[in-house]
Amino acid sequence: MGADHQIDNVSSVQYQVDENSNTLLIELSNTTGTYLQHLNEYCLLDIFSSDSLTFMDLCSLAETCRRFKRIALRVFPKEFTIETSYDMGIRGYILKTKNYRKFYENLQDIERILKNFGTYLSTLSVSWEEDHALTDLVAMYCGAVTLQCLDIVNMKNMEDLQVKFKSIIQRLLKLSFRHCSFLDDAATPATASLICDSLIELQINYSYWCGAILQNNFPNLKRLAFVASEIFSGTSDNESDVFSKFIGRHKCLRSIDLSAGSVCSIKLLHTISNSCKELEELTLESLDTPNISSDSWNLQNLLKLRMLSIDFHFQINDHHITLFQVFNAVETLKFRHMDEVPDQVFEALSRMENLRELRFTYSLLNCFIPWTKLTQLGQLYLYESLSGFCASDLFDIVRQLINLEKFVFLQHHATRNYFVLKKRDFFEIVKIVEQRPNVLTLQCKFNFDFEECDCNRIRKVKLIN
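The structure reproduced in this document is the subject of the present report. Given the structure is predicted, the values throughout are model-derived calculations rather than measurements.

Counting secondary structure elements, the protein chain contains 14 helices and 19 strands. Long-range contacts, defined as pairs at least 24 residues apart, comprise 63% of the intrachain contacts of the protein chain with a sequence gap of at least 6. Total accessible area on the protein chain is roughly 23,900 Å²; 48% of this is exposed by carbon and sulfur atoms.

This is the structure:
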């Protein structure tokens with residue numbers, strides 16, 4: 001067959017052997033007939049999943065045809081976050097997924113993402129008074145989405161939230177307000193009705209005139225944080241009453257983080273004890289009630305309490321020590337600003353059989369603490385709480401706490417006699433714990449290269465800087 005032989009079927013490939021040269025001749029078609037839309041779904045999924053494709057590329061593919069959009073939806077991350085931010089002085093929007101983070105300067109790019117993949121928006125953090133365009137887009141393209149978390153900064157008119165995000169608010173799981181001031185045009189406290197029966201967590205941080213929020217009912221609320229905020233500008237009694245009523249209406253709360261001295265009162269603590277029988281975590285970081293005791297606060301009702309964090313702004317006395325004696329189920333205790341901790345505190349803690357984690361922050365501890373009374377501890381944290389700390393103190397703690405699995409000692413760099421673990425002291429710790437069944441994680445400053453140590457031999461101590 002000659003070289004000028006014509007191929008009738010251009011889609012075929014013919015293999016022939018030249019009789020004279022025994023050379024394999026390959027005649028190819030001049031077209032492949034292969035287009036992207038002709039590929040099956042498995043091939044397209046592999047192509048669309050390529051790391052070389054950006055979110056904008058996926059938007060372009062999704063805008064091509066319904067089939068491509070269906071496949072692009074399978075590839076796009078099922079949860080993503082959008083938050084307004086400033087990057088290098090430029091205002092824009094940050095899009096984050098589990099393994100991805102990108103800054104977008106143009107709102108048009110965010111609009112394309114929301115238009116094509118808005119059903120996957122899980123968290124939105126927005127400055128409400130400045131980002132009307134973004135919230136309008138979310139309301140337009142994400143009305144049917146189950147938005148999990150909404151973080152609002154700088155809001156004044158809460159009614160606007162209910163109107164614009166009505167369908168989103170109804171299915172919201174977490175709602176956070178930061179640096180908000182809820183006043184109407186007449187400079188009086190605003191009122192608004194939020195229908196959010198699915199809400200599980202509510203955070204109010206550094207905000208004012210918050211009565212508009214606390215007048216609402218959230219039947220499934222489990223976690224509440226009220227940090228450095230005020231309800232009204234009136235008397236503290238009024239604020240405490242409003243907050244107590246809110247707590248009384250939400251009996252299913254399992255975690256309360258209360259860091260606002262203006263609402264702390266014996267009445268509020270009494271309400272928490274009587275209403276929140278399911279409470280597991282309680283944080284009182286701005287407690288300014290020196291007369292608190294187990295008698296004035298019926299703590300026996302909090303049978304499920306597992307974590308207690310208290311910020312003491314007063315001299316501790318025998319009344320406060322009695323508090324610890326009723327926390328039989330507590331596993332974690334966190335103390336802040338506890339000055340001149342008496343030995344009676346450790347006597348009370350020693351009777352807490354379930355206590356596993358103890359934290360002191362900005363507290364004044366002496367170097368002669370009877371740690372042997374707290375052998376049940378598995379974790380100990382000391383933040384700026386032990387002046388003059390040295391290696392011998394570390395040895396004593398590790399020796400006496402025989403069940404210790406984690407010890408954290410952190411200081412501010414400006415602290416006098418700043419403690420730094422030396423290599424020889426580290427190996428002394430290794431000797432102390434080498435016969436114990438558990439591994440000790442030690443976090444403190446050290447001045448040697450841990451990687452140069454014989455890590456294969458040192459299996460009982462993990463060192464973190």
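Right, let's get into the pairing of strand β17 (residues 406-410). Of the pairings in the sheet, the one linking strand β16 (residues 379-383) to β17 comprises five bridges and is parallel in character. Note that in β17 the partner of Leu380 across the bridge is Phe407. Crossover β16 to β17 through helix α13 (residues 391-400) is right-handed. In this sheet, strand β18 (residues 440-443) lies alongside β17 in parallel orientation, the contact comprising three bridges. Directly across from Phe407, in β18, lies its bridge partner Leu442.

Looking at the largest pocket, its volume works out to about 270 Å³. In terms of lining residues, the largest pocket is bounded by 14 residues, among which Ser50, Asp51, Leu53, Phe55 and Leu58 are the most central. A breakdown of the residues in the lining of the largest pocket according to their chemical character gives seven nonpolar, five polar and two charged. The computed volume of the second largest pocket comes to approximately 220 Å³. What lines the second largest pocket is a set of 17 residues, among which Asp257, Thr283, Glu285, Met307 and Lys334 lie closest to the centre.

Turning next to the pattern of salt bridges. All chains considered together, the criterion is met by 15 salt bridges. Glu130 is paired through a salt bridge with Arg91; the nearest N and O atoms lie 3.5 Å apart. Remark: Arg91 occurs in strand β4 (residues 90-97) and Glu130 occurs in the loop between β6 (121-127) and α5 (132-141); sequence separation between them is 39 residues. You can call Arg91 partly exposed: its relative accessible area is 26%.

Take the packing of helix α1 (residues 41-48) against helix α3 (residues 66-75) next. Helix packing geometry: the angle between the two helix axes and the distance between the axes. Here α1 crosses α3 at 55 degrees, and the two axes come no closer than 10 Å. Taken together, the axes of α1 and α3 are oblique relative to one another. Our pair here, α1 against α3, has a crossing hand that is right-handed. Every residue of α3 that contacts α1 at Glu41, Leu44, Leu45 and Phe48 is listed here: Arg67, Phe68, Arg70, Ile71, Ala72, Arg74 and Val75.

With that out of the way, let us pick up unusual backbone geometry. Non-glycine residue His179 carries a positive phi angle of around 55 degrees. Within the element layout of this structure, His179 appears in the loop between β8 (174-178) and β9 (201-205). Residues other than glycine seldom take positive phi values, yet Ala228 does so here, at roughly 50 degrees. Accessibility expressed as a relative area gives 32% for Ala228, which makes it partly exposed.

The rules we used
- Residues numbered from 1 in each chain as written.
- Predicted model: local features only at pLDDT ≥ 70, side-chain atom pairs only at ≥ 80, totals over all residues.
- Heavy atoms only, no water.
- Helix = DSSP H or I, 4+ residues; strand = E, 2+ residues; numbered from the N terminus.
- Contact = heavy atoms within 4.5 Å.
- Areas by Shrake-Rupley, 256 points an atom, 1.4 Å probe, with all protein chains shown as cover.
- Pairing = 2+ DSSP bridges.
- Right-handed = clockwise from strand over helix to strand, strands pointing away.
- 1 Å grid on protein atoms, 1.4 Å probe; cavity = no way out; pocket = protein on both sides within 12 Å on 5 of 7 lines; lining within 4 Å.
- Points joined across faces, edges and corners; volume = space filled by probe spheres on them.
- Nonpolar A, V, L, I, M, F, W, Y, C, P; charged D, E, K, R; others polar.
- Salt bridge = Lys/Arg side-chain N within 4 Å of Asp/Glu carboxyl O.
- Buried < 20%, exposed > 50% of the residue type's maximum accessible area, 1.4 Å probe, protein only.
- Axes fitted to C-alpha atoms, helices over the stretch in contact; angles between N-to-C directions.
- Parallel < 35°, antiparallel > 145°, perpendicular 65-115°, else oblique.
- Left-handed = near helix turned anticlockwise from the far one by under 90°.

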